[in-house]
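# Descriptive structure summary
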Amino acid sequence: MNNYFKRTIGAINSLSALKKAGLLNNPWAVCRLRSALLKKDSLEDLQKLQSAIEVSKMFRSPFDIPDNSVDGLIKFALTEQGMPIGIFPEECHHLICGQTGTGKSTVLKILFSQALRFNRFQNGHPINTEKLRCWLFVKAQDMRTLLNIDRNILVVNFNMIKLNPLEPPPGMRPIEWASIFADLWIQAFRLYEGSKGFLIECLNKLYVKYSSLGYYPSLFDLYNYVTALKFPVISRTARYQESVLNRLGGLIHGSLGSVFDCSKGHISSLINLHAIFEIIYLAAEQQVFMVNYLLSYLFNYKLIHETGLRHFVGIDDANLIFDIAFEKRPDLGLPIIHHLLTTVRKNKINIFACTQTPHQVGASIHSNSFAKLMFSLSHGKDIECMQQSMGIKNLEQKAYCYKLKPREAVVKFSARYQEPFIAIVPEVKL
Ligand SMILES: Nc1ncnc2c1ncn2[C@@H]1O[C@H](COP(=O)(O)OP(=O)(O)O)[C@@H](O)[C@H]1O
Ligand SMILES: [Mg+2]
């Protein structure tokens, strides 16, 4: 190979390395590159350049430095070079992982505080054509600080609100809603297929009975109806009756009793509101039921009605909802949340899920997230799971995942810029 050829190939390689190292706007590096290309008899400048690139690697992570395509309308962090990183509202689903205290909720707050401002007007005209509505499911009260940004957020702590999970979205036939409700029910309360069939049968009879009265039965009506049914004690149907009554009784006689004591609840008004649902005091199965119910209602409502809204839904501790165990029950079929994640995109619902243990959340969120963020994790299994989920194969990059600094995260987008890169969340007071 002659010297000219060597220099040209070397210069192209250096150009690519400079780009990855984020040194393209460094005058010294560009000058060395130019003279390597122009000088006829020396490779010295190229060697100097290579050593400079190696030295620069010692002061940053082994991840490539992304170009400005990682920026978006809603920003949440900076690259190692201080360039903004953001997402666009139409980019669906986000998975945010990290051990407790690493800043997952803070990133949610950063994203949602901008989403709340998204609808603002300038000189009487909307700044953005698409209207965003924010729903947050949280297990603490700290998201209330978002009220400082927009006072029009409804905080739902399940005291004052009225909900009737048997009330179908307007325009949907009760018989169709009955099977959705039965799915929600058996998944949250981990019942079996037989109980689901029994429940659907009871619901359909009940809907017919109440249709002449002009209102929907409540969970209390369902409880009374199922209690009044008589079956031989040793029959299988009696077992189904017992398990349905058991779960229903627990629900309507527990803390949510007053919430469910209605025929028509507030749910259809919630669609147009920003809301923080504080599910902190609900039992585990009630949390699963409530989140899946509200999301299923939203999804089905938007299937029938054109709202012109995009919903940002943050689930601050998503382990219960996305529990991998739901995917291990073939008799239950696909978990509701899996079905929602794969279909809500069309209905303009973006899910933001936070978890401390990504290896325990089901495949649905891993497979359907546009953006994945990994803050520091302490369990090797979680780190390996996220490395696989984000496609990190480089050994140096893999090792770096074990020593992420505070507020530092590995990010992977599934479009625009597809290599994993480092993001630093700025220090914020929210
Ligand atoms: N970007 C940040 N700016 C300022 N403080 C932060 C930031 N990220 C995390 N913190 C601090 O760390 C604490 C825990 O953060 P949080 O977001 O609640 O973590 P997680 O949700 O992962 O448990 C916060 O109360 C805050 O004091
Ligand atoms: Mg948190």
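Rules and cut-offs
- Residues numbered from 1 in each chain as written.
- Chains lettered and ligands numbered in written order.
- Predicted model: local features only at pLDDT ≥ 70, side-chain atom pairs only at ≥ 80, totals over all residues.
- Heavy atoms only, no water.
- Phe/Tyr/Trp six-rings, centres within 6.5 Å; stacked < 30°, edge-to-face > 60°.
- Buried < 20%, exposed > 50% of the residue type's maximum accessible area, 1.4 Å probe, protein only.
- Near = heavy atom within 4 Å.
- Polar contact = N/O pair within 3.5 Å; in protein donor to acceptor, adjacent residues only side chain to side chain.
- Areas by Shrake-Rupley, 256 points an atom, 1.4 Å probe, with all protein chains shown as cover.
- Helix = DSSP H or I, 4+ residues; strand = E, 2+ residues; numbered from the N terminus.
- Salt bridge = Lys/Arg side-chain N within 4 Å of Asp/Glu carboxyl O.
- Expected span 1.5 Å × (residues − 1).
- Lys, Arg positive; Asp, Glu negative; His and termini not counted.
- Contact = heavy atoms within 4.5 Å.
- Pairing = 2+ DSSP bridges.

## Some words on the packing of aromatic side chains
Counting across every chain of the model gives 20 aromatic pairs. Measuring from ring centre to ring centre gives 5.7 Å for Tyr210 and Tyr215, while their planes differ by 75°; the resulting arrangement is edge-to-face. Of the residues examined, Tyr210 reaches a relative accessible area of 11% and is grouped as buried. Take Tyr215: its relative accessible area is 42%, and that puts it in the partly exposed class. A network of ring pairs unites the aromatic residues Phe181, Trp185, Phe189, Phe289 and Tyr293 as a single cluster.

## Considerations on the site of ligand 1
Neighbouring ligand 1 are 13 residues; Gly101, Lys104, Ser105, Thr106 and Val428 lie closest to it. One of the backbone nitrogen or oxygen atoms of Thr102 is found 3.3 Å away from an oxygen atom of ligand 1. Val428 is positioned with one of its backbone polar atoms (N or O) 2.9 Å from a nitrogen atom of ligand 1. Burial of ligand 1 by the surrounding chains reaches 65%, relative to a free accessible area of 550 Å².

## Some points on unusual backbone geometry
A positive phi angle, close to 70°, is found at His93, a residue other than glycine. Inspection of the secondary structure assignment puts His93 in the loop between β2 (84–87) and β3 (94–97). One non-glycine residue with positive phi stands out, namely Arg416, at about 65°. Mapped onto the fold, Arg416 is located in the loop between β12 (408–413) and β13 (421–424). With relative accessibility at 30%, the residue Arg416 sits in the partly exposed group.

## Considering the side chain of Lys372
Mapped onto the elements of the fold, Lys372 is located in strand β11 (residues 371–374). Among the polar contacts listed, one links the side chain of Lys372 to the backbone oxygen of His366, at a separation of 2.9 Å.

## Looking at the pattern of salt bridges
If you walk through the whole model with that rule in mind, you get 11 salt bridges. Note that Lys264 and Glu167 form a salt bridge whose closest N and O atoms lie 3.7 Å from each other. Within this pair, whereas Lys264 is found in the loop between α9 (257–260) and α10 (267–270), its partner Glu167 is found in the loop between β7 (153–156) and α5 (174–188), the two being separated by 97 residues in sequence. Take Glu167: its relative accessible area is 2%, and that puts it in the buried class. We note a salt bridge from Glu201 to Lys205, for which the minimum N-O separation is 3.6 Å. You can see Glu201 and its partner Lys205 sitting in helix α6 (residues 193–211), 4 residues apart, about one turn around the helix. Classification of Glu201 as partly exposed rests on a relative accessible area of 48%.

## Some words on α5
Turn by turn, an α-helix covers 3.6 residues, leaving residues three or four places apart pointing in a common direction. For α5, built from 15 residues, the straight-helix expectation of 21 Å at 1.5 Å per residue is met to within 8% by its first-to-last C-alpha distance of 21 Å. Turning to α5, its buried residues number three or more, namely Trp177, Ala178, Ile180, Phe181, Ala182, Leu184, Trp185, Ile186, Gln187 and Ala188. Directly beyond the C-terminal end of α5, a positive phi value near 50° is found at Arg190.

## Some details on the side chain of Arg133
Residue placement: Arg133 occurs in strand β6 (residues 131–138). Buried charge without a partner: Arg133 forms no salt bridge, and the closest opposite charge is Asp150, 7.6 Å away. Ignoring anything within four residues of it in the chain, the contact list for Arg133 reads Asn119, Ile271, Asn272, Leu273, His274, Leu309, Arg310, His311 and Phe312.

## Some thoughts on helix α14 (residues 380–390)
Every buried residue of α14 is listed here: Asp382, Ile383, Cys385, Met386, Gln387, Ser389 and Met390. Structurally, α14 contributes buried residues whose contacts are with β3, α13 (363–367), β11, α15 (395–400) and β12. Two residues or fewer past α14, Gly391 is found with a positive phi of approximately 70°.

## A few points about the pairing of β3
Covered by surrounding structure in β3 are His94 and Ile96 together with Leu95 and Cys97, the residues of both alternating faces. In this sheet, β11 lies alongside β3 in parallel orientation, the contact comprising 4 bridges. Pairing of Ile96 across the sheet is with Leu373, part of β11.

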